Amino acid sequence: MKVAGRSPTTATPPGVKPFTFLPYVREMHAEDAARDLFYVDTNGNSNSAGPSSSSSNPRKRKAIVIDEDGIEIISSGSDSDSDVEVIEDGKMLLNHVIGPNYVTPPRNNRSAVQGTGFQHARMGLSAAESGHKSVGTPPWVQRKYVGSLEKRLHDEIEDFVSYIAPTPEEEITRQAVVNRYSEVIRSAKEQKWQINGRTPGKETVPARIGVFGSFGTGLYLPDGDLDLVLLDPDGREDPEKGAMASGLSKYHRYLRPLGSSSMLIKHAKIPIIKMRDRETGLQVDISYNQQGGLRGVDTIKALLAQLSDLRPLCFVIKHFLYLRALNDNSRSGVGGYALVLWIAAFLKLHPSIFPNRYPTNTAESPGLGALLLDFFQLFGYDFDYHTNGLAVNSAREAAHIYQKNQHSWRRTPDRGKDYLLSLEDPNDALNDVSQGAGRIQEITTLLASAKELIRHAPQNAQTLLGLFLNVPEKMQRFRSAFRVGRGGEEYAA
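Residues numbered from 1 in each chain as written. Predicted model: local features only at pLDDT ≥ 70, side-chain atom pairs only at ≥ 80, totals over all residues. Heavy atoms only, no water.

As annotated in an unreviewed UniProt entry, the chain is polynucleotide adenylyltransferase from Rhizophlyctis rosea. Checking UniProt for the chain, the heading Sequence similarities (unreviewed entry) contains the comment "Belongs to the DNA polymerase type-B-like family." (UniProt positions renumbered as here; feature names shortened; annotations may be inferred.)

Now the structure itself:
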């Protein structure tokens, strides 16, 4: 179906309050709806001018949604021309995504977009501050990078990911930890049965350990935490906070000998046992009967299978946040699950937001260098965090942008948190997985700074990522311990 439309107007009629669908879409107003929105009649013929008051054949308004298969036209279900916004279950259907109506600011004039969309305060931070810039040659740089800025950055990202991604030794070590803890839990359950006069039979389901988080998805850093969930068949799935704490306390004494330190944190939002594994030095967090993390692993694996650029971008941006202690929900940063969803939404929306990156084929990746630069640009300069949120429904469905004040959780400015990044959980539309990222303005400041460091790097720069990334000595020593068959406990302090 051919779709046509006119470029939106930028004039603000007196007394009309503007609203924004995307930071790239100029302000729209109810008075401009007839010429700014796409209209498609029942025969599929496009009408870029919109319905006329003198028309004898009024047309229903349509909204345009992007998915990986192209454009989908969805009816608003109304013949009214007065409403500009199209909202369905809190989801905003984008009227301006591609075609003449889609406004992409010139590459050298994005400040105009920043002025109307981006509202975060700058925190006076630099991505190259002490301790975060590589000194000397970074360990992942083993060759000279040539070509355009995007090509050099692409090649260096590939080398960085090859260096930082999990090694076979780390995979084996972490799985061994899971196996040891699983055996302890199984034995503890059998002891409880014997104490209660029960004999395990074929129909008896034993307690076990499940894996979620970055180890479950393969997106962990060398010294990253190991997230486990104790799955107890005698307890309820996704129990209340008190039941979680009670369930963990029953098993804590059996697990305690496995750690050089061990603590049951009952009063956290989700109670956990936090341990330092005695043999490896890995930080281990254990929750109780929480199924959400396991569902999240399946979601992330599906996205990774669909989006080939997701894995490398996750490692780069995750390490970027890790160095600055901004990758942890408990520190008001963006946690691993939220980060993957954030990047996945970006990748799915990228062809519509940066169409110039796809001159011939939107199915062909523009390259990791271009994607990283555009992520820094969009979320460090342009995105309207106060108005918009992001969602990825599933690996097969499109990402979409919704208006926060139209979502079911109704995050409104009067709550004082309208500046936060908002990411809808694909497994629970009522859950905003990034609501705890209170330091998002620090993050957007640093993303913008990283973009500037790359943009002003000399042509003969040995490294681009090294301008704002390094591999801490502790992480290198931790990894080396596993390569020679020793645990990392002595380096974990």
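There is more to say after this.
### Examining the overall build of the chain
Across its full length, the chain carries twelve helices and 15 strands. In the structure as shown, the chain presents an accessible area of about 22300 Å², 48% of it carried by carbon and sulfur atoms. (Helix = DSSP H or I, 4+ residues; strand = E, 2+ residues; numbered from the N terminus. Areas by Shrake-Rupley, 256 points an atom, 1.4 Å probe, with all protein chains shown as cover.)

### A few points about the sheet that holds strand β15 (residues 428–432)
Spatial strand order, β13-β12-β14-β15: four strands in an open sheet with mixed pairing. Both outer strands of the open sheet, β13 (399–403) and β15, are each paired with one neighbouring strand and no more. Within the sheet, the average angular offset between the axes of one strand and its neighbour, ignoring direction, is 35 degrees. With two bridges connecting them, strand β12 (residues 388–392) and strand β14 (residues 423–425) associate as parallel partners. Counted as the bridge partner of alanine 391 is glutamate 424 from β14. (Pairing = 2+ DSSP bridges. Axes fitted to C-alpha atoms, helices over the stretch in contact; angles between N-to-C directions.)

### Examining the nonpolar core
Grouped together as the largest cluster of nonpolar side chains are 77 residues, with contacts concentrated most on Leu310, Trp342, Phe379, Leu465 and Phe468. Looking at this core, the elements with two or more residues in it are α3 (149–164), α7 (292–306), α8 (310–323), α9 (336–353), α10 (368–382), β12, β13 and α11 (440–455). For this core, the element with the most residues is α9, which contributes twelve residues. Val177, Tyr251, Leu264 and Leu282 belong to the second-largest nonpolar core, a separate cluster that totals 27 residues. (Core = buried A, V, L, I, M, F, W, Y, C linked by side-chain atoms within 4.5 Å. Buried < 20%, exposed > 50% of the residue type's maximum accessible area, 1.4 Å probe, protein only.)

### Some points on α7
With 15 residues, α7 extends 21 Å between its outermost C-alpha atoms, agreeing within 8% with the 21 Å of an ideal straight helix rising 1.5 Å per residue. Three or more residues of α7 are buried, namely Gly296, Val297, Thr299, Ile300, Leu303 and Leu304. Tucked into the core, α7 has its buried residues touching β7 (208–212), α5 (213–217), α8, α9 and β12. (Expected span 1.5 Å × (residues − 1). Contact = heavy atoms within 4.5 Å.)

### Notes on the environment of tyrosine 181
Checked against the element boundaries, tyrosine 181 lands in helix α4 (residues 168–195). Between the C-alpha atoms of tyrosine 181 and leucine 228, which are 47 residues apart in sequence, the distance is 9.4 Å. Residues in contact with tyrosine 181, not counting those within four places in the same chain, are Ile209, Leu228, Leu255, Leu258, Met275, Asp277, Val284 and Ile286. A polar atom in the side chain of tyrosine 181 sits 2.9 Å from the side chain of aspartate 277. (Polar contact = N/O pair within 3.5 Å; in protein donor to acceptor, adjacent residues only side chain to side chain.)

### Concerning the packing of α7 against α9
Angle between the axes and distance between the axes are the two parameters that describe a pair of packed helices. Where α7 meets α9, the axes come as close as 11 Å, and the angle between the chain directions of the two elements is 30 degrees. Two packed elements cross with a definite hand, and for α7 against α9 that hand is left-handed. Contact with α7, carried on its side by Gly296, Thr299, Ile300, Leu303 and Gln306, involves Tyr337, Val340, Leu341, Ala344 and Lys348 of α9 and no other residues of that element. Across the contact of α7 with α9, the residue classes break down as six nonpolar, three polar and one charged. (Left-handed = near helix turned anticlockwise from the far one by under 90°. Nonpolar A, V, L, I, M, F, W, Y, C, P; charged D, E, K, R; others polar.)

### A closer look at α10
A rise of 1.5 Å per residue sets the reference length of α10, with its 15 residues, at 21 Å; its end C-alpha atoms lie 20 Å apart and thus fit the reference within 8%. Summarising burial for α10: 15 of the 15 residues are buried, a large majority.

### Section: the pattern of salt bridges
Within the structure shown, the criterion is met by 14 salt bridges. Notably, a salt bridge pairs aspartate 238 with arginine 295, separated by 3.8 Å at the nearest N-O pair. Within this pair, whereas aspartate 238 is found in the loop between β8 (226–231) and α6 (241–255), its partner arginine 295 is found in helix α7, the two being separated by 57 residues in sequence. With relative accessibility at 33%, the residue aspartate 238 sits in the partly exposed group. Put simply, lysine 274 and aspartate 285 hold a salt bridge, and the shortest N to O gap is 3.0 Å. Here lysine 274, found in strand β10 (residues 272–277), pairs with aspartate 285, found in strand β11 (residues 283–288); they are eleven residues apart in sequence, far enough to count as distant. (Salt bridge = Lys/Arg side-chain N within 4 Å of Asp/Glu carboxyl O.)

### With respect to the pairing of β8
The element β8 is extensively covered by neighbouring structure, given that five of its six residues are classed as buried. Relative to β8, β7 runs antiparallel, the two sharing five bridges. In the sheet register, glycine 210 faces β8, and the bridge partner there is valine 229. Pairing between β8 and β11: five bridges, direction parallel. Looking at β11, one finds that aspartate 227 is bridged to aspartate 285.

### Re the packing of aromatic side chains
Per the stated rule, a full pass over the model turns up 14 aromatic pairs. Seen in terms of ring centroids, tryptophan 140 and phenylalanine 160 are 5.0 Å apart; in terms of plane orientation they differ by 90 degrees. Their pairing is edge-to-face. Taken together, the positions of tryptophan 140 in the loop between α2 (111–116) and α3 and phenylalanine 160 in helix α3 put the pair 20 residues apart, joining distant regions of the chain. Grouping residues by exposure puts tryptophan 140 and phenylalanine 160 together as buried. Aromatic side chains phenylalanine 320 and phenylalanine 468 sit 5.7 Å apart centroid to centroid with 80 degrees between the ring planes, which places their arrangement in the edge-to-face category. With phenylalanine 320 in helix α8 and phenylalanine 468 in the loop between α11 and α12 (473–483), this residue pair connects regions lying 148 residues apart in the sequence. Note on accessibility: phenylalanine 320 and phenylalanine 468 belong to one class, buried. (Phe/Tyr/Trp six-rings, centres within 6.5 Å; stacked < 30°, edge-to-face > 60°.)

### So, the sheet that holds β8
Each strand in a sheet pairs with its neighbour through backbone hydrogen bonds, running either in the same direction (parallel) or in the opposite one (antiparallel). Across the sheet, which stays open at both edges, the five strands sit in the order β7-β8-β11-β10-β9 with mixed pairing between neighbours. Looking along the sheet, the strands with just one partner apiece sit at the ends: β7 and β9 (259–265). Averaged over all pairs of adjacent strands, the angle between strand axes in this sheet comes to 25 degrees, irrespective of strand direction. Here β9 runs beside β10; their pairing, made up of six bridges, is antiparallel. Following the sheet pairing, leucine 264 is matched in β10 by isoleucine 273. On top of the sheet, α7 reaches β7 and β8; it is set at about 45 degrees to β7, its chief contact.

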